[in-house]
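Structural overview for review
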Amino acid sequence: MTATTNSFPSGRVVLIGGGPGAWDLITIRGMRALQAADVILTDHLGPSGDLEKLCDVASKEVIDVAKLPYGKQVAQRKTNELLVEHARAGKNVVRLKGGDPFVFGRGFEEVQACAQAGVPCEVIPGVTSAVSVPALAGIPVTQRGLVHSFTVVSGHLPPGHTKSLVDWQALATSGGTISVIMGVKNVRPISEALISGGLAAETPAAVIQEGTTDRERVFRCQLASLAETFERERITSPAVYIIGEVAGLA
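Residues numbered from 1 in each chain as written. Predicted model: local features only at pLDDT ≥ 70, side-chain atom pairs only at ≥ 80, totals over all residues. Heavy atoms only, no water.

1. Description of the domain arrangement of the protein chain
As assigned here, the protein chain comprises domain 1 (12–124) and domain 2 (129–248). Centre-to-centre separation of domain 1 and domain 2, based on C-alpha positions: 28 Å. At the interface, nine residues of domain 1 touch 15 residues of domain 2. Interface of domain 1 and domain 2: buried area, both sides summed, is about 830 Å²; carbon and sulfur atoms make up 73% of it. On the surface where domain 1 and domain 2 come into contact, there are zero salt bridges. (Domains from an automatic or database assignment. Contact = heavy atoms within 4.5 Å. Buried area = accessible area lost by both parts, 1.4 Å probe. Salt bridge = Lys/Arg side-chain N within 4 Å of Asp/Glu carboxyl O.)

2. Considering the pattern of salt bridges
It is possible for side chains bearing opposite charge to pair when their charged atoms get close. Applying the stated rule across the entire model yields 12 salt bridges. Here Glu-122 makes a salt bridge to Arg-12, at a shortest N to O gap of 3.2 Å. Highlighted residues: Glu-122 in strand S5 (residues 121–124) and Arg-12 in strand S1 (residues 12–17), separated in sequence by 110 residues. Arg-95 is the partner of Asp-43 in a salt bridge, and the nearest nitrogen-oxygen pair spans 3.1 Å. You can see Asp-43 sitting in the loop between strand S2 (39–42) and strand S3 (61–64) and its partner Arg-95 sitting in strand S4 (residues 92–97), a full 52 residues away along the chain. Residue Asp-43 is classed as buried on the basis of its relative accessible area of 15%. Counted as one network, the salt bridges with shared partners bring together Asp-43, Arg-95, Lys-97 and Glu-110. (Helix = DSSP H or I, 4+ residues; strand = E, 2+ residues; numbered from the N terminus. Buried < 20%, exposed > 50% of the residue type's maximum accessible area, 1.4 Å probe, protein only.)

3. Quick word on the side chain of Lys-97
Its place among the elements puts Lys-97 in strand S4. Take Lys-97: its relative accessible area is 3%, and that puts it in the buried class. Aside from chain neighbours lying at most four places away, what touches Lys-97 is Leu-15, Ile-16, Gly-17, Gly-18, Gly-19, Asp-43, Gly-105, Arg-106, Gly-107 and Glu-110.

4. Describing the state of the cysteines
If you walk through the whole model with that rule in mind, you get zero disulfides. Distance from the sulfur of Cys-114, which forms no disulfide, to the nearest cysteine sulfur (Cys-121) is 4.2 Å. (Disulfide = S-S within 2.5 Å.)

5. What about helix H7 (residues 226–233)?
Among all positions in H7, only Leu-226, Ala-227, Thr-229 and Phe-230 are buried. The arc that holds every buried residue of H7, seen down its axis, measures 160°, which confines them to one face. Relative to its buried face, H7 has exposed residues pointing more than 90 degrees away, namely Glu-231 and Arg-232. Buried residues belonging to H7 abut helix H6 (187–196), strand S8 (204–209), strand S9 (217–222) and strand S10 (239–243). Note on H7: the residue one or two positions beyond its end, Arg-234, has a positive phi of about 55°. (Arc of directions from axis to C-beta.)

6. What about the nonpolar core?
Across soluble globular proteins, nonpolar side chains show a tendency to be buried alongside one another. With 24 residues, the main nonpolar core has Ile-178, Leu-194, Leu-226, Phe-230, Tyr-241 and Ile-243 as its most contacted residues. The biggest single contributor to this core is H6, with four residues. Setting aside anything within four residues of it in sequence, one finds Leu-226 in contact with Val-187, Ser-191, Ala-205, Cys-221, Tyr-241 and Ile-243. With 14 residues, the next largest nonpolar core counts Ile-63, Val-65, Val-74 and Ala-117 among its residues. (Core = buried A, V, L, I, M, F, W, Y, C linked by side-chain atoms within 4.5 Å.)

7. Topic: the sheet that holds S9
Here five strands make up an open sheet; going across it, the order is S6-S7-S10-S8-S9 and the pairing mixed. Strands at the two margins of the open sheet, each flanked by one partner only, are strand S6 (150–154) and S9. Strand-to-strand, the axes of this sheet are offset by a mean angle of 15°, without reference to chain direction. Relative to S9, S8 is paired through six bridges, and the arrangement is antiparallel. Bridging from a neighbouring strand, Pro-204 pairs with Gln-222 of S9. The strands touched by H7 are S8, S9 and S10; relative to S9, the strand with the most contacts, the crossing angle is about 145°. (Pairing = 2+ DSSP bridges. Axes fitted to C-alpha atoms, helices over the stretch in contact; angles between N-to-C directions.)

8. Side note on the packing of helix H2 (residues 76–88) against helix H3 (residues 107–117)
Orientation of H2 relative to H3, taken along the N-to-C sense of each, is 45°, at an axis distance of 10 Å. Here H2 lies oblique to H3, going by the angle between them. Judged by the twist between their axes, the crossing of H2 over H3 is right-handed. For the pair H2 and H3, the contacting residues are Gln-76, Thr-79, Asn-80, Leu-83, Val-84 and Arg-88 in the first and Glu-109, Glu-110, Ala-113 and Ala-117 in the second. Residue classes in the contact of H2 with H3 are distributed as four nonpolar, three polar and three charged. (Parallel < 35°, antiparallel > 145°, perpendicular 65-115°, else oblique. Left-handed = near helix turned anticlockwise from the far one by under 90°. Nonpolar A, V, L, I, M, F, W, Y, C, P; charged D, E, K, R; others polar.)

Right under this line is the structure:
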């Protein structure tokens, strides 16, 4: 049997979870992959603004493919094309994403694109903001004797949206902690849906904006006043909010 060979030089893609924001919360393996990269495709989240602390940026080609909430959007198809194009040119390509690439990060779509193109792709997991941001703010998502489960939810679509895959009523009665990411715009309908589903209005809640960075802000309240807290404090993305008894722990 004759082995098949690629018609392009040996390049590869490394998909890295950059962590929740602070540059030193990326994994050691992720940092080493950045140092070995020829091309880095960055997001607006994670340590993209502090690349110079992780590698010699001057020796890399850095490409911004960020998808800003309700702002600039680089199409996923274009990102996939860039990964394949540079890898086929024989380059070591890093796709640096915020958090973990497989937690609402479209990471698997990029893995699939590489596989379809015959490009080797390695995944380096990252620390997701859904648990690390509240942890650094002193809020555990689980606590012995209090709560034994937690759910990470994307809030980019409001309850009732035709494309939403979240059962908000089931979450309201789950008894576990709810960690919402990408939900700034929809905090009011989410809060209302949880209360309508049976979750007590006085359930403790907390919001952490730009967690793990020097711009971090933390506010604690109750579920009923969560939306008002966002409005009063002018909370913007990125922010994580936690709903459940753990948010009331001192």
